[in-house]
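# Structural characterization, general
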Amino acid sequence: MPTNTTTSPSNDSGRPRFNSWALLFLFSTLALTAHETDDSNANAGANKLVTAVSTISLIVSAIGSIAHLGFSGVLSSMFVGTLIEGLLALISLALWAGTLPVVMDPRKGLAQMYVGKQSDEVIDYQPIISNANLYFCSWGAAICVLSVFAQYVRERLGGTGIGGMGYTNLWYLLGLASVVVVIEGMRFKNQVCVIDGGAETATCGRNTYGLVTGIIGLIVSVIISLFSTIGKDSALVTTISSFLCAILYTICAGLLTFDKGPATYVGNQYLAAWSGFFLSFAIFGSVVKEFMGVATGTTTAGNNASSGDGEEEEENEMDTI
């Protein structure tokens, strides 16, 4: 008697989101701990914001993790794949999107701070990481909640892009890296380049190129990721777009992080520039791999067809003899 081996689609699609919800809970807990144990925080308003957002994110992610584990059938049915999950994921994403610029602002000194290396009449201010635990855990929480929301939207829309969810996530991450490049570029322009002796002219010029690259990368990645989410992406367009981003971010990483660049120290702008570089090449490699796979598949099919025709002709000749 045949057995039914069909599994529930909701369970299969929900398992990856359980991992993201669980990691969000972990990073939120660590970010809250890192912030509360830092005695150097003096900005009362920023402190309350980080504490509140970390706590809310911790509670929401705990609910999401428990719901996806399936311990409570009622909670799972009310949460997994429903509008409640999507709404809570969107709220958490919005909260972290609003909090990250505050956490990363070097003037507030929460996760980054400005340092200067005196050179003649130029101080050359650059942001560096001052609280590594808060810095990396805040970014980890933001990336996890972005992953949760992206997976939820893709499941609701039922899109199947060129390279699957992993490929779409790369575009989302490239968009995130581009946002950081833009924000840090604007911050450096408005906080450092306007100061007499704050940075050299060449440094501010390189920062402007990074700003333009971030804007282009953001526009391209948002458009491609949205079409990939709903399964309407084009192989030709994604190939050209990923190649363009790879070229732009290669130049961007070189100008921003070498010699007189504004991000020679490890900080947001440094990590975002190199993230954009690696992500754009990872996307381009994935697209090329898809093309190579299609080409190989076509060639193999053609060879099999030719082989089959040859065997059929030989059989006909033998029948004639």
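It should be emphasised that the depicted structure is a prediction, and the values quoted were computed from it without experimental measurement.

What follows covers the overall build of the protein chain. In terms of regular secondary structure, the protein chain is built from 9 helices and 2 strands. For the protein chain, the succession of helices and strands along the chain, N to C, is α-α-α-α-β-β-α-α-α-α-α. Relative to its full complement of 321 residues, the protein chain shows a buried share of 40%.

Moving on: the side chain of Ser242. Looking at where Ser242 falls in the secondary structure, it is placed in helix α8 (residues 235-257). Classification of Ser242 as buried rests on a relative accessible area of 1%. Engagement of the side chain of Ser242 in a polar contact is seen with the backbone oxygen of Thr239, the distance being 3.0 Å. Beyond its immediate chain neighbours, meaning those up to four positions away, Ser242 contacts Trp171, Ser280, Ile283, Phe284 and Val287.

Structurally, Asn268 can be placed in helix α9 (residues 268-320). A distance of 3.0 Å separates a polar atom in the side chain of Asn268 from a polar atom in the side chain of Trp139. Residue contacts for Asn268: discarding those within four places in its chain leaves Met104, Gln112, Tyr135, Trp139, Val180 and Glu184.

As a further point, take unusual backbone geometry. Positive phi, close to 55°, is recorded for Asp259, a residue that is not glycine. Checked against the element boundaries, Asp259 lands in the loop between α8 and α9. The exposure class assigned to Asp259 is exposed, which follows from its relative accessible area of 61%.

Time to look at a nonpolar patch on the surface. Together, Leu157, Ile215, Ile219, Ile223, Phe227 and Ile230 make up a nonpolar patch on the protein surface, roughly 530 Å² of accessible area in all. Per element, the largest residue contribution to the nonpolar patch is 4 residues, and it comes from helix α7 (residues 201-229). Along the chain, Ile223 falls in helix α7. Relative accessible area serves as the criterion here: at 42%, Ile223 is assigned to the partly exposed category.

Trp96 and Leu134 are the most contacted members of the largest nonpolar core, which has 47 residues in total. Those elements that provide at least two residues to this core are α1 (9-36), α2 (44-69), α4 (83-104), α5 (132-157), α6 (164-191), α7, α8 and α9. With 9 residues, the single largest contributor to this core is α5. Excluding residues within four positions of it along the chain, Leu134 makes contact with Ala31, Ala34, His35, Val50, Val103, Leu110 and Ala111.

Counting through the fold element by element, Val103 comes out in helix α4. Look at Val103 and you get buried, because its relative accessible area is 0%. Dropping the residues within four chain positions of it, Val103 is found in contact with Val50, Leu110, Ala111, Gln112, Leu134 and Ser138.

The tally for this structure, following the rule as stated, stands at 9 aromatic pairs. Pairing Phe243 with Phe284 gives two aromatic rings, centres 5.5 Å apart and planes at 50°, and the pair type is tilted. Here Phe243, found in helix α8, pairs with Phe284, found in helix α9; they are 41 residues apart in sequence, far enough to count as distant. With a centroid separation of 5.0 Å and 75° between ring planes, the pair formed by Phe277 and Phe278 is classed as edge-to-face. Among the aromatic residues, those joined into a ring-pair cluster are Phe258, Trp274, Phe277, Phe278 and Phe281.

This brings us to α2. Residues that lie three or four places apart on an α-helix share one face, since the helix turns once every 3.6 residues. In this model, α2 (26 residues) spans 38 Å end to end at C-alpha, consistent with the 38 Å of a helix rising 1.5 Å per residue. Every buried residue of α2 is listed here: Ala46, Asn47, Val50, Val53, Ser54, Ser57, Val60, Ser61, Gly64, Ser65, Ala67 and His68.

A word on the state of the cysteines. One pass over the full model with this rule turns up 1 disulfide. For Cys193, the disulfide goes to Cys204, at an S-S distance of 2.2 Å. One disulfide, between Cys193 and Cys204, carries an S-S torsion of -115° and so falls in the left-handed class. Residue Cys193 is found in the loop between α6 and α7, and its partner Cys204 is found in helix α7; the two are separated by 11 residues along the sequence. Here Cys193 falls in the partly exposed class, since its relative accessible area comes to 24%.

A few words now on the environment of Leu75. Secondary-structure assignment places Leu75 in helix α3 (residues 73-79). A relative accessible area of 28% places Leu75 in the partly exposed class. Here Leu75 is in contact with Ile63, Ile66 and Ala67, once residues within four sequence places are set aside.

About the cut-offs
- Residues numbered from 1 in each chain as written.
- Predicted model: local features only at pLDDT ≥ 70, side-chain atom pairs only at ≥ 80, totals over all residues.
- Heavy atoms only, no water.
- Helix = DSSP H or I, 4+ residues; strand = E, 2+ residues; numbered from the N terminus.
- Buried < 20%, exposed > 50% of the residue type's maximum accessible area, 1.4 Å probe, protein only.
- Polar contact = N/O pair within 3.5 Å; in protein donor to acceptor, adjacent residues only side chain to side chain.
- Contact = heavy atoms within 4.5 Å.
- Patch = residues over 30% accessible without salt bridge, like charges linked within 9 Å, V, L, I, M, F, W, Y side chains within 5 Å.
- Areas by Shrake-Rupley, 256 points an atom, 1.4 Å probe, with all protein chains shown as cover.
- Salt bridge = Lys/Arg side-chain N within 4 Å of Asp/Glu carboxyl O.
- Core = buried A, V, L, I, M, F, W, Y, C linked by side-chain atoms within 4.5 Å.
- Phe/Tyr/Trp six-rings, centres within 6.5 Å; stacked < 30°, edge-to-face > 60°.
- Expected span 1.5 Å × (residues − 1).
- Disulfide = S-S within 2.5 Å.

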